[in-house]
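Breakdown of the fold
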Amino acid sequence: MKYLILGMWVTPILSYAMSFNTLTERAYDVSGEMIQKAGYANAIPYEKASALAHDPLRIEGSARKIRGDDPVDSGMEYGAMVDFSVKMPGFRNAQGREYDLLSSMAEHEIKSEQGRIQVALKRDWLLAELEREKVKILTQKLALSRDAYTIGSKKNQAGRMSQMELLRLETERHNAEQEYAAARMEYEHAQHRLKEAIMSHEEVVVDDLSFAFVSKEQVHERIDKALMIQTLNLRIEELDAQIETTRRSTFESLSMGIGMTREPTQNSADFRVSIPLSWSEKNEKKIAALMSERSALVQRRDVSTQRLRLSVDALSDHLAEREQRIKEIVSTEKQYETLFTMAHKGLEGGVVTQFEYLSTKNAFYDHRLRALELKRSYIEEMSTIEEKIGGIL
């Protein structure tokens, strides 16, 4: 049949295929959020080293002229003192763990942003593929409409078709042109979103990602690993570390000094220890506040997990229903195609009226386009689930 070879609209030659991983890596490299989060994560080890480093040595010196009543007691007095601080081991370890968890949280934030980018790119690519398929279908429909109008014009000239019937074919051709133009525009919009995500001027083509159904089991396996739940778990661990640091911060470090003083009548060696005590209810109040916040986060995590399960369960059921509808409409497509093939041959042979032909043709292409719309709804629903769990399925 002619309509099977009329879909000549293809991806531009300048484009080339890439893997989905390559697509996402390019998007990571140009994402402002990723750049900022990566910069913050890279700064944490330096902040940790600075916080745990010992204070620098301090040198104090003094000198004064002494004038006594007895000239023998007169002279110079001068001295020097070297001070250094030592971090307390318990506080040092607790503070180090706090920074380690802060680093883990930063890495998790990067992973969360990567998941968000992946979900958006997968959705945009699959929707772009649907738009491309729609353009292909409407290209065929437009070619057939033009072909039918050409046949009708010849019949009209031969007196075998009325002017009204020819006008009907012309209107059909015009509608097909409008549908095709609108579909091309939507495909270009879909491609623009992909190009913008990776800052490219070339057509984006992914060769290892296509439309596919997901099972309810696949979805449920990801709930316990949902990024939102992991974020709350990390935040709880971070509060545990802050509580431990606060408990051990009765005094953070000891300052010690060693020096010598020379006087006109005697010399002396000096030693001093400074302990910055903070025995007060301040730390206890701070710990109470952190524990209260931790308790609230634990409750929030439990509630969020339950709510996520309920939400995902409902969305999974919707996916299953949409999957069934898509399979049903695809299974009946062959019947519509067979009827259209017969009508197309009948129009050429003059045994089928143009109204019967148009009705059969439109039913066939509407059926194919309806399948694409169902797939679109499926992709949008799947993307909603992926956004909730923080990653692609």
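That block above? That's the structure.
Just so we're clear, the structure is a prediction, and the values are computed from it rather than from any experiment.

To continue, consider the overall build of the protein. A tally of regular secondary structure across the protein gives 9 helices and 6 strands. Taking the principal axes of its C-alpha atoms as reference, the protein extends roughly 145 × 45 × 30 Å. Expressed as a percentage of the 393 residues in the protein, the buried residues total 39%. Restricting the contact set of the protein to residue pairs at least 6 apart, pairs at least 24 apart contribute 82%. In the form shown here, the protein has an accessible surface area of approximately 22600 Å², with 53% of it arising from carbon and sulfur atoms. For the protein, the distance from the average site of its 55 positive side-chain charges to the average site of its 62 negative ones is 4 Å.

Now for the nonpolar core. Residues Leu23, Leu121, Trp125, Val206 and Tyr357 are the most contacted members of the largest nonpolar core, which totals 69 residues. When residues of this core are traced back to their parent elements, those giving at least two are α1 (20-30), α2 (32-52), α3 (89-157), α4 (163-198), β4 (204-206), α7 (282-331), α8 (333-349) and α9 (354-389). Ranked by the residues each element gives to this core, the list is headed by α3, at 18 residues. Among residues more than four places away in sequence, those in contact with tyrosine 357 are Leu144, Ala148, Phe340, Ala343, His344, Leu347 and Val352. Among the nonpolar cores identified, the runner-up in size contains 7 residues, and Leu232, Leu239, Ile243 and Leu290 belong to it.

What follows deals with the sheet that holds strand β2 (residues 58-66). Spatial ordering of the open sheet is given by β2-β3-β5-β6, a layout of 4 strands whose pairing is antiparallel. A single partner strand is all that each edge strand has here, and the edge strands are β2 and β6 (267-274). With direction set aside, neighbouring strand axes in the sheet form an average angle of 15°. The pairing of strand β3 (residues 75-87) with strand β5 (residues 253-262) spans 10 bridges and is classified as antiparallel. Within the sheet, the bridge partner assigned to serine 85 lies in β5 and is serine 255.

The contact between α1 and α3 brings their axes to 10 Å, and the two run at 125°. If you check the angle between α1 and α3, you find them oblique. Between α1 and α3 lies a crossing whose hand is right-handed. Residue-level inspection shows Phe20, Leu23, Thr24, Ala27 and Tyr28 of α1 in contact with α3, the latter providing Gln114, Ile117, Gln118, Leu121 and Lys122.

For the rest of this paragraph, the subject is the pairing of β3. The pairing of β2 with β3 spans 9 bridges and is classified as antiparallel. Opposite isoleucine 66, over in β3, you have glycine 75 as the bridge partner.

Now for a nonpolar patch on the surface. On the surface, a cluster of nonpolar side chains totalling about 400 Å² of accessible area is made up of Ile258, Phe271, Val273 and Ile275. As for its position among the elements, valine 273 is in strand β6. Residue class for valine 273 comes out partly exposed when judged on its relative accessible area of 44%.

Inspection of the entire model under this criterion finds 27 salt bridges. The residue arginine 193 makes a salt bridge to aspartate 124 at a minimum N-O spacing of 3.8 Å. Taken together, the residues span a long stretch of sequence, with arginine 193 in helix α4 and aspartate 124 in helix α3 at a distance of 69 residues. With a closest N to O distance of 2.9 Å, arginine 235 and glutamate 293 form a salt bridge. Note that arginine 235 is positioned in helix α6 (residues 227-247) and glutamate 293 in helix α7, a separation of 58 residues in sequence. The exposure class of arginine 235 is partly exposed, given its relative accessible area of 24%. Within the structure, one salt-bridge network assembled from shared partners comprises Arg123, Asp124, Arg193 and Glu387.

This part takes up the side chain of aspartate 124. With relative accessibility at 11%, the residue aspartate 124 sits in the buried group. Leaving out residues up to four positions away in the same chain, aspartate 124 has contacts with Arg193 and Leu194.

Here we come to the packing of α8 against α9. It is the contact of α8 with α9, at a shortest axis distance of 9 Å, that shows an interaxial angle of 150°. If you check the angle between α8 and α9, you find them roughly antiparallel. The interaxial crossing formed by α8 with α9 has left-handed handedness. Every residue of α9 that contacts α8 at Glu333, Tyr336, Glu337, Leu339, Phe340, Ala343, His344 and Leu347 is listed here: Gln354, Tyr357, Thr360, Lys361, Ala363, Phe364, Tyr365, His367 and Arg368.

Calculation rules
Residues numbered from 1 in each chain as written. Predicted model: local features only at pLDDT ≥ 70, side-chain atom pairs only at ≥ 80, totals over all residues. Heavy atoms only, no water. Helix = DSSP H or I, 4+ residues; strand = E, 2+ residues; numbered from the N terminus. Buried < 20%, exposed > 50% of the residue type's maximum accessible area, 1.4 Å probe, protein only. Contact = heavy atoms within 4.5 Å. Areas by Shrake-Rupley, 256 points an atom, 1.4 Å probe, with all protein chains shown as cover. Lys, Arg positive; Asp, Glu negative; His and termini not counted. Charge placed at Lys NZ, Arg CZ, Asp CG, Glu CD. Core = buried A, V, L, I, M, F, W, Y, C linked by side-chain atoms within 4.5 Å. Pairing = 2+ DSSP bridges. Axes fitted to C-alpha atoms, helices over the stretch in contact; angles between N-to-C directions. Parallel < 35°, antiparallel > 145°, perpendicular 65-115°, else oblique. Left-handed = near helix turned anticlockwise from the far one by under 90°. Patch = residues over 30% accessible without salt bridge, like charges linked within 9 Å, V, L, I, M, F, W, Y side chains within 5 Å. Salt bridge = Lys/Arg side-chain N within 4 Å of Asp/Glu carboxyl O.

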